[in-house]
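Here's the letter readout for the chains.
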Amino acid sequence: MSNRPDTPLLDLVQSPADIKRFSDAQLVELAHDLRAETISCVSETGGHLGAGLGVVELTVALHAVFDAPRDKIIWDVSHQSYPHKILTGRRDRIRTLRQKGGLSGFTKRSESPYDPFGAAHSSTSISAALGFAVARDLGGACDTGHGDAIAVIGDGAMSAGMAFEAMNHAGHLKQRLIVILNDNEMSIAPPVGALSSYLSRLYAGEPFQEFKAAAKGAVSLLPPPFQEGARRAKDMLKGLTVGGTLFEELGFSYIGPIDGHDMDQLLPVLRTVRARATGPTLIHVITRKGKGYGPAEARRDGGHATAKFDLVTGEQKKAPSNAPSYTRVFADALLEHAAQDDRICAITAAMPEGTGLDLFEQRYPSRCFDVGIAEQHAVTFAAGLAAGGMKPFCALYSTFLQRGYDQVVHDVAIQRLPVRFAIDRAGLVGADGPTHAGAFDVAYLANLPGFTVMAAADEAELKHMVATAVAHDEGPIAFRYPRGEGQGVEMPERGEPLEIGKGRMIQQGSRVALLSFGTRLGEVMKASEALRARGITPSVADARFAKPLDRDLILDLAARHEALITIEEGAVGGFGSHVAQLLADHAVFDDGLKFRSMVLPDTFIDQASPEDMYATAGLDADHIEARVLDVLGIARIGHQRA
Ligand SMILES: Cc1ncc(C[n+]2csc(CCOP(=O)(O)OP(=O)(O)O)c2C)c(N)n1
Ligand SMILES: CC(=O)[C@@H](O)[C@H](O)COP(=O)(O)O
Ligand SMILES: [Mg+2]
């Protein structure tokens, strides 16, 4: 039974148009309702809580002052967009968040006209908003006419180079563009970097303190274009920082910092900017991550992400774990090796907890680097560390490594530098959906000359792969492992380096060989059991390496079986494609081998449980069994024996 909050004003809102008739005082009440509804919803669904709570007032104010969907409000990352979704006609579905068939946990163009641009990877909002602004000014085909383009970007996301690329361009074009910097002094973890320190100085400085105290507007402090508007708007605009900020050097009018939870500050500033902005304008708002919900505010990460939780206590309702997570196995293994080898260092791009490197940072702070949301820098920084004689472990989610791909090719592979890539969240990740799927890393790494690419079949294998990476100084090496718990296998006392390019036989059988790469091995074994009931005992092997391939193993399997089937948690172009190439190069198909490669389908799979997603992808035991029967020409009627 969910205890829905009492939300009298929110109950009157079906779309942002309904907000326009509210008084400023009612908008404050609406924010109260919206915060209660957001907390209630996430307590039932789990998901991203802290960021959304931090922008409740900002969301109300934006939809009160601007005219979405004609005005394009673009949320960076968009993990903070739950309040926005509630106000834009999706309250009735908000409790389907991040579930199969439900709302996405991020903005999504196909979900709503109020989501002009999808997100989830950070630091894209200013580029996208500038695109809309230029399209508007070119008379583009925007169906809702010439509205404003407004990017809402966090202080963490602002640390990525892409944000500065966009601001640099916006300052050059000088077209009207509104950027709202939502500064809560938090990324997922406490923010890192000189920019964070700079932002702190901006609001720790005199103007912001005066601003808090000053009751009367100091309109003369506003940039000239706004002074007239401010007088006319008769708003109580208080003293604001003007002049000499980094943003103004980039061609923006800078307004702020203002209190992002105070409607009396948000509304007049937004109204003035809407009335008066002529070029790129950045409004710096100060907010608190997790605002208004004690258990979230009390957390170190401001309640960034949460499982379902008890509304009263905030206690998360997490299922008990049966095995250590792959992330934890990686982190513990790396710590063991780092104790013996002081050349080992670790790099994360703003995901210390997510990658397990928070443990490494605690133990070896001088050898652990959180570079902020800066994957491109993370990769080339690691390349520099390797060139300098260190053993860098660059720990990135598969999906986020995509952002540093040119650096992987240009700075690591071509120079054959021994960077170790710990690729977490490989394969389908569940609730975060397609934007976070680790679908492509094998395809984009195994095609690089000199790269070694591994996938752990279970947590014991992962421990051995960490040891293999530590020992491998001949060039770049990557090992991938999925989100979540291991399979509960027995763990070795110590990880032992694997022989590069060597797979392992799991089960000798006949007629069909199943060659698995990664944790699909569990499903392969389940399929093998089901096939045994039909009198079919497939051979099963764990490839371990997509590059270099275990040629002898593969050619031997091809020679001894009617059919060879590869299975992997990745898109086409990965392991199976490399096996096909090897078989073709050795003219194996000429001898009639039946070959099938089971990969992720050529589509983006929406969020669901990982199990559901793999069933949708056709990569679960049931589908593997069916593929074997099909390739052997056996009709799948009940448990008909071969
Ligand atoms: C390219 C990329 N790297 C990493 C992440 C993981 N991530 C999601 S939210 C977040 C922190 C964002 O901080 P900020 O922009 O300040 O937003 P806040 O959560 O504080 O509102 C990170 C690192 C991501 N979404 N995209
Ligand atoms: C919004 C974002 O990108 C991160 O919060 C991400 O959702 C974390 O993923 P995990 O939950 O797999 O660590
Ligand atoms: Mg932040």
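Residues numbered from 1 in each chain as written. Chains lettered and ligands numbered in written order. Predicted model: local features only at pLDDT ≥ 70, side-chain atom pairs only at ≥ 80, totals over all residues. Heavy atoms only, no water.

### Brief notes about the confidence of the model for the protein
- Chain-level pLDDT for the protein is 93 on average; 92% of the residues reach the 70-or-more range.
- Every residue in residues 206-222 scores below 50 in pLDDT, and together they form 41 contacts with partners more than four places removed in sequence or on other chains.
- Every residue in residues 229-239 is under pLDDT 50, and counting partners more than four places away or in other chains gives 34 contacts.
- Interface confidence for the predicted complex, given as ipTM, is 0.99, next to a pTM of 0.94. (pLDDT = per-residue confidence, 0-100. Contact = heavy atoms within 4.5 Å.)

### Topic: the UniProt feature "binding site: Mg(2+)" (unreviewed entry) in the protein
- The residues that UniProt annotates with the feature "binding site: Mg(2+)" (unreviewed entry) are D155 and N184. Taken along the chain, the residues just named run across 30 residues; in space they keep tight, none of their C-alpha pairs more than 6.9 Å apart. Considering only the residues just annotated, the largest cavity is lined by D155.
- Along the polypeptide, D155 turns up in the loop between strand 3 (149-154) and helix 6 (161-173). (UniProt positions renumbered as here; feature names shortened; annotations may be inferred. 1 Å grid on protein atoms, 1.4 Å probe; cavity = no way out; pocket = protein on both sides within 12 Å on 5 of 7 lines; lining within 4 Å. Helix = DSSP H or I, 4+ residues; strand = E, 2+ residues; numbered from the N terminus.)

### Quick look at helix 23 (residues 575-585)
- Three or more residues of helix 23 are buried, namely F575, G576, V579, L582 and L583. Summarising the axial view, the buried residues of helix 23 lie within an arc of 120°, below the 170-degree limit, and thus occupy one face.
- Tucked into the core, helix 23 has its buried residues touching helix 19 (441-445), strand 15 (512-517), strand 17 (545-547), helix 22 (551-560), strand 18 (563-568) and strand 19 (594-598).
- The first or second residue beyond helix 23 is A587, which carries a positive phi of 55°. (Buried < 20%, exposed > 50% of the residue type's maximum accessible area, 1.4 Å probe, protein only. Arc of directions from axis to C-beta.)

### Structural notes on the coordination of the magnesium ion (ligand 3)
- Protein-derived ligands of the magnesium ion (ligand 3) are D155 (OD), N184 (OD1) and M186 (O), with the metal-ligand distances lying across 2.0 to 2.2 Å.
- Spacing between the donor residues of the magnesium ion (ligand 3) along their common chain follows D-x28-N-x1-M. Each member of the pair N184 and M186 is classed as buried. (Donors = N, O, S within 2.8 Å, 3.2 Å for Na, K, Ca; no water.)

### With respect to the sheet that holds strand 8 (residues 344-348)
- Reading across the sheet, the seven strands line up as 9-8-10-11-13-12-17 and stay open at both edges, with mixed pairing between neighbours. Here the strands that pair on one side only, and so sit at the sheet edges, are strand 9 (368-370) and strand 17. Each strand axis lies, on average, 20° off the axis of its neighbour in the sheet, ignoring direction.
- Across five bridges, the pairing between strand 8 and strand 10 (residues 391-397) is parallel. Within strand 10, the position partnered with T348 by the bridge is A395. (Pairing = 2+ DSSP bridges. Axes fitted to C-alpha atoms, helices over the stretch in contact; angles between N-to-C directions.)

### Overview of the sheet that holds strand 5 (residues 253-259)
- Across the sheet, five strands lie side by side as 2-3-4-6-5; this open sheet has parallel pairing. Edge positions in the sheet fall to strand 2 (72-75) and strand 5, since each has one partner strand and no second. Ignoring strand direction, the axes of neighbouring strands in this sheet form an average angle of 20°.
- Bridge count between strand 4 (residues 177-183) and strand 6 (residues 280-286): seven bridges; the pairing is parallel. Paired with V179 across the bridge in strand 6 is L282.

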